[in-house]
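# Report on the structure
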Amino acid sequence: HMENQIDIQMDQRKGRRLVLFPLPFQGHINPMLLLATILHSKGFSITIIHTNFNSLNPSHYPNFTFHSIPDGLLESEASSLDLVALAKLLNIKCTDPFRDCMDKLLSDASEEPISCLISDSLFYFTQAVADSLKLPRVVLRTGGLSSLVVFAAFPLLRERGYLPIQDSQLEELVVELPPLKVKDLPMINTVYPDSYYEIVACMVNESKASSGIILNSFEELELSELDTLRQEFPIPIFPIGPFHKYFLTSSSGSLLAQDQSSIAWLDKQASKSVIYASFGSLAALSEAQFLEIAWGLANSKQPFLWVVRPGLVRGSEWLESLPSGFLETLNGRAHIIKWAPQLEVLAHPAVGAFWTHNGWNSTLESICEGVPMICMPCFTDQKVNAKYVSQVWKVGLQLENGLDR
Ligand code: UDP
């Protein structure tokens, strides 16, 4: 039904252009490109500005116009493991190139007039640029409503002594945000804790200063959180997800090649028998954690499809730390790949559970396909998502108290 509607609207171009600016990480690129596809289907023309870092491949999106800006990141900075430092640096170094690019786009008389900028909530610097250009900015928040409520409560959480987190308080309930405990607060290990608080504050404040927030979530899932946000944010909030369900097939903004051998392998497995394990595009594990997971999967006696992204294991290229003969002893019960076509995998009838780090996209994709989750959050909003999955929506179990084979 939706497809038909979209086909009809394809022919009615609006003569209006939207400029979209995704944060250059996989979990942010995917929803932004899906949003672009949705808005294009509603008749808008689409221009995407992207950084050189994790740059996009325009050939996957012939309907969109792409502009690449120099982000000025050094090789060493771009490969930095500290996401906080990287996020802050991107906001500083992209400011001038982004403004220059917007100036050019706005003065180009050969293009349709630009109605609005849509930028990632973590590109908070873009609010000031949009203001100075007298252009409305709409924010895309790629996480859930529930985690945004928690981020918006950071000043209160600091005032009440929950933050910075004290180890002695980890098991305490955050009475203002049930059912979250202190250990579920969206923190990250970083050498720059002050920068993390600053980034969260800027993300929230510049979102409040925008013309509206689009979220890849839906009212039925996070109704009371939506109510809270509507009270606290003076702007319209549009939870119009799940974006990937607007279309029968979603084209991909994948930065890595998706290994299609997983589907042929799944075709040979019994219904709901397979554990799909993937920890997203950013999470990193120690070798010890990696081995506990490997043995846990082996000991489960279930077939498993495991995404081991190059770089997942700190200090390893790929699978070197597996004991020799590990895979052979499993007799085809294991299929390990570098990157999966995740939407197709989750929709496959052979998949019975998803062992996930609870990045928001993965969480939402799993909910949409009705796949129960084994939750192992690493950092930031993943901790909130895992708690909601296990305790609020009750569609998963959280692995707690250490990781043991
Ligand atoms: N993804 C994928 N193949 C994989 C693992 C992940 O295509 O092997 C996609 C997944 O479908 C999701 C995105 O990458 O859309 C990851 O986003 P998420 O928010 O789950 O986690 P992040 O990578 O941001 O930690």
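Residues numbered from 1 in each chain as written. Predicted model: local features only at pLDDT ≥ 70, side-chain atom pairs only at ≥ 80, totals over all residues. Heavy atoms only, no water.

## Quick word on helix 2 (residues 26-41)
The criterion, for reference: Put simply, DSSP marks the helices as runs of H or I at least four residues long and the strands as runs of E at least two long, and each gets a number from the N terminus on. Expected span of a helix: the number of residues minus one, times 1.5 Å. Three exposure classes are used, based on accessible area relative to the maximum for each residue type with a 1.4 Å probe and protein chains only: buried under 20%, partly exposed in between, and exposed over 50%.
Here helix 2 spans 23 Å end to end across 16 residues, near enough to the 22 Å set by a 1.5 Å rise per residue. With 13 of 16 residues buried, helix 2 lies mostly within the body of the structure. Count one or two residues on from helix 2 and you reach G43, which has phi positive near 105°.

## Quick word on the environment of R141
The cut-off we apply is this: Any two residues having at least one pair of non-hydrogen atoms within 4.5 Å are treated as being in contact. Each polar contact in these results corresponds to two N or O atoms within 3.5 Å; when the atoms are within protein, one needs to be able to donate a hydrogen and the other to accept it, and residues that are neighboring in sequence are counted only if both atoms are side-chain atoms.
In this fold, R141 is placed in strand 5 (residues 137-141). Along the primary structure R141 and S119 are separated by 22 residues, whereas in three dimensions their C-alpha atoms are 8.7 Å apart. Once you skip the residues sitting within four places of it in the chain, R141 turns out to touch S121, L122, S147, L148, F151, M203, I213, I214, L215 and N216. A distance of 3.1 Å separates a polar atom in the side chain of R141 from a polar atom in the side chain of S121.

## Here we look at the nonpolar core
As a rule of thumb, soluble globular proteins bury nonpolar side chains together. Defined as follows: Definition used in this section: a nonpolar core is a set of buried Ala, Val, Leu, Ile, Met, Phe, Trp, Tyr and Cys residues joined via side-chain atoms within 4.5 Å.
In this structure, F154 and L157 are the most contacted members of the largest nonpolar core, which totals 86 residues. Setting aside residues no more than four positions away along its own chain, L157 makes contact with V150, Y162, L163, V174, L177 and L185. I29, L35, I48 and L140 belong to the second largest nonpolar core, which has 25 residues in total.

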